[in-house]
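Spelled out from the first residue to the last, the chains are:
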Amino acid sequence: MKFNIKNLNKVDLIKIGLPFLFASLHYLRRGSLNESIFYVLGWFAGIVLMYLDKNQLYKYYYESIHLKDDKFARLVTRSILFIISYFGLSLFLITSSGSDLGMGIVMGIGLILGLEMWHSRSYVEFFNQYFIQSKKLWNKYDIDLLIKVFWSFYLFISIFSVI
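To keep things clear, this report deals only with the structure shown in the data block. (Residues numbered from 1 in each chain as written. Predicted model: local features only at pLDDT ≥ 70, side-chain atom pairs only at ≥ 80, totals over all residues. Heavy atoms only, no water.)

Our next topic: the packing of aromatic side chains. Evaluated as defined, the whole model comprises 14 aromatic pairs. With a centroid separation of 6.4 Å and an interplanar angle of 10 degrees, the aromatic rings of Phe 150 and Tyr 154 are classed as stacked. Of the two residues, Phe 150 and Tyr 154 are both situated in helix 7 (residues 140-162); the distance of four residues between them amounts to about one turn of the helix. On the basis of relative accessible area, Phe 150 is assigned to the buried category, the value being 0%. Residue class for Tyr 154 comes out buried when judged on its relative accessible area of 4%. An aromatic cluster is defined as three or more aromatic residues linked by ring pairs; in this entry it consists of Tyr 86, Phe 87, Phe 150, Trp 151, Phe 153, Tyr 154, Phe 156 and Phe 160. Seen from the ring of Trp 118, Arg 121 lies directly overhead, with NZ or CZ sitting 3.8 Å from the centre. (Phe/Tyr/Trp six-rings, centres within 6.5 Å; stacked < 30°, edge-to-face > 60°. Helix = DSSP H or I, 4+ residues; strand = E, 2+ residues; numbered from the N terminus. Buried < 20%, exposed > 50% of the residue type's maximum accessible area, 1.4 Å probe, protein only. Lys NZ or Arg CZ within 6 Å of the ring centre and 35° of its normal.)

This is the structure:
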């Protein structure tokens, strides 16, 4: 398979470029090339984890957790409980752990999660079954509010991850 940069869309460029942008800010702030390399590797590890979960582990989820009335996948990493857990875990890792690899992983997971929520915000039925996964259905306003809160939080921890 030949890699062709012309075939990349804007979202792919964000997924590739943002880790390097933040790694350069990380390097300028901390001055350690090794720490910045681990930081960017963590970003890509988080992105790969989310990709593998969606494209490889989905088969396991579908076979073991699938309900008869499901129209869409139920992925553990795309659930409201995971999103809530992400807030706490990422806040701890960014502010307390000091692990550059861990901070990068959290940032990569958050990037993919945020982009997927953003892209599916207009599809209320899909969003409810894919992300919310509960009996209570959220409306468009609730979904937009969740996405705004998530991106605000992500921006907040992004700043803390490089300072």
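Here we take up helix 1 (residues 10-30). Relative to the 30 Å expected for 21 residues at 1.5 Å per residue, helix 1 spans 29 Å between its end C-alpha atoms, a close match to the ideal helical length. In this structure, the buried side of helix 1 is in contact with helix 2 (33-55), helix 5 (100-119) and helix 7. A positive phi of about 75 degrees marks Gly 31, the residue just after helix 1. (Expected span 1.5 Å × (residues − 1). Contact = heavy atoms within 4.5 Å.)

A few words now on the side chain of Ser 79. Tracing the backbone shows Ser 79 in the loop between helix 3 (58-65) and helix 4 (80-97). Excluding anything up to four places from it in sequence, Ser 79 contacts Phe 131 and Gln 133.

This brings us to the nonpolar core. Counting residues in hydrophobic clusters, the biggest one holds 36 residues, and the most contacted among them are Tyr 39, Tyr 86, Met 117, Phe 127, Phe 150, Tyr 154 and Ile 157. Elements represented by at least two residues in this core include exactly helix 1, helix 2, helix 4, helix 5, helix 6 (124-132) and helix 7. No other element matches helix 5, which puts nine residues into this core. Setting aside its immediate chain neighbours within four residues, Tyr 86 contacts Leu 91, Val 106, Met 107, Ile 109, Gly 110, Phe 150, Phe 153, Tyr 154 and Ile 157. (Core = buried A, V, L, I, M, F, W, Y, C linked by side-chain atoms within 4.5 Å.)

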